[in-house]
Amino acid sequence: MRAITVRDRESGFALSEMPYPHAAENDVIVRVHAAGFTPGELDWPATWTDRAGRDRTPSIPGHDVSGVVAELGPGTTGLTVGQRVFGPTDWARNGTLAEYVAVEARNLAPLPADIDHTVAAALPISGLTAWQGLFDHGRLRCGQTVLIHGAAGSVGSLAVQLAREAGAHVIATGRPAHREVALGLGAHTFLETADLEEAGPVDVVFDVLGGDILARSATVVRPGGTLVTIAQPYPGAVFFIVEPDRLRLIDLAERVRTGRLRPRTSKNIYHVPRDLTPSE
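Please read all numbers here as calculations on a predicted model, not as lab measurements.

Can you lay out helix α2 (residues 124-137) for me, pointing to particular residues and giving the numbers?
For α2, a buried count of 12 out of 14 residues is recorded, marking the element as mostly surrounded by other parts of the structure. Where α2 ends, the next residue or the one after it, R139, has phi of about 55°, a positive value.

So, in structure tokens, the structure goes:
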């Protein structure tokens, strides 16, 4: 099969012929219709090595997928060949910028017929990260105030919408050009990142940036509040890496289907062109 591969951080991407993936126990093979790539993947150790630390280059990046089940591995249940699915893929295995990808079945959820594959590919990692950061780790509740950084980005934009629907008061930050986007997604207030201290005491901060922004954010969390970050560990903050969750994906897809959630598709979502898609 054809795939986009990387050999190291310097040489960039290449279109390569790669072996068709093997379906291990409880895996499925997905024929990829759309895939998501996170630029930060090139800094992840798992992009270059397997779980045992062995080199696995050239590797196939991309860890969001939307497509159709092509094959079931031994013991796989809950999904069927020909079914539309979407979800995140495994960090330490070849990813989704390919014609086919092997994925643990538990990572995938059924994709409703009225959601486009490109939209679906923008949802798994960003949507699960937003939900888990706000509610599983931040314990955000109705009536609380949340400060969300990067509010026009893939994670932040979904976090703004989810927090607003949950009844929170949402303060969004970003660059000046992001003001109208953030307010249009439901933020009550927009601050330029340089002015984040003007948010005042808040119950939850959801940080996606790290560095100085993360350190400054610690000063605006009220006593008993929570600072959540996906960027890096920080004293007193909850740092987490997103986990697969089929039931939550189903819930997020329903929100998209009914218009309650709008993923922002971007240049990092790739639709498999006709000449790379196997014939039916």
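Let's pick the thread back up.
How would you explain the environment of A3 if you had to name every residue and give the values?
Mapped onto the secondary structure, A3 falls in strand β1 (residues 2-6). Assessed through its relative accessible area of 1%, A3 is described here as buried. Taking the C-alpha atoms as reference points, A3 and Y234, 231 residues apart in sequence, are found 37 Å from one another.

Explain the sheet that holds strand β11 (residues 202-207) residue by residue, including any values.
Across the sheet, which stays open at both edges, the 6 strands sit in the order β10-β9-β8-β11-β12-β13 with parallel pairing between neighbours. The open sheet is flanked by β10 (189-192) and β13 (238-239), the only strands paired with a single partner. Sheet topology places strand β9 (residues 169-174) next to β10; 4 bridges connect them, and they run parallel. Counterpart to T173 in the pairing with β10 is L191. The strands touched by α2 within the sheet are β8 (145-148), β11, β12 (221-229) and β13, with β11 carrying the most contacts at an inclination of about 150°. Running at roughly 170° to β8, helix α3 (residues 154-165) makes contact with β8, β9 and β11 of the sheet.

I'd love a proper account of the packing of aromatic side chains, names of residues and values included.
Counted according to the given criterion, the structure contains 4 aromatic pairs. Taking the centre distance of 5.4 Å and the plane angle of 90° together, the rings of F13 and F37 count as edge-to-face. Taken as a pair, F13 in strand β2 (residues 13-17) and F37 in the loop between β3 (27-36) and β4 (64-72) lie far apart in primary sequence, 24 residues in all. For F37, a relative accessible area of 9% gives the class buried. Measuring from centroid to centroid gives 5.3 Å for W44 and W91, while their planes differ by 85°, and the two rings are edge-to-face. In this pair, W44 sits in the loop between β3 and β4 while W91 sits in the loop between β5 (84-88) and β6 (100-104), placing the two residues 47 residues apart along the sequence. The class of W91 is partly exposed, set by a relative accessible area of 27%. The aromatic ring of W131 is capped on one face by R248, whose charged end is 3.7 Å from the ring centroid.

How would you explain the side chain of H149 if you had to name every residue and give the values?
The topology assignment puts H149 in the loop between β8 and α3. Apart from residues lying up to four places away in sequence, H149 is in contact with G156, T173, L196, V205, F206, D207, V208, L209, I213 and S217.

How each quantity is defined
- Residues numbered from 1 in each chain as written.
- Predicted model: local features only at pLDDT ≥ 70, side-chain atom pairs only at ≥ 80, totals over all residues.
- Heavy atoms only, no water.
- Buried < 20%, exposed > 50% of the residue type's maximum accessible area, 1.4 Å probe, protein only.
- Helix = DSSP H or I, 4+ residues; strand = E, 2+ residues; numbered from the N terminus.
- Pairing = 2+ DSSP bridges.
- Contact = heavy atoms within 4.5 Å.
- Axes fitted to C-alpha atoms, helices over the stretch in contact; angles between N-to-C directions.
- Phe/Tyr/Trp six-rings, centres within 6.5 Å; stacked < 30°, edge-to-face > 60°.
- Lys NZ or Arg CZ within 6 Å of the ring centre and 35° of its normal.

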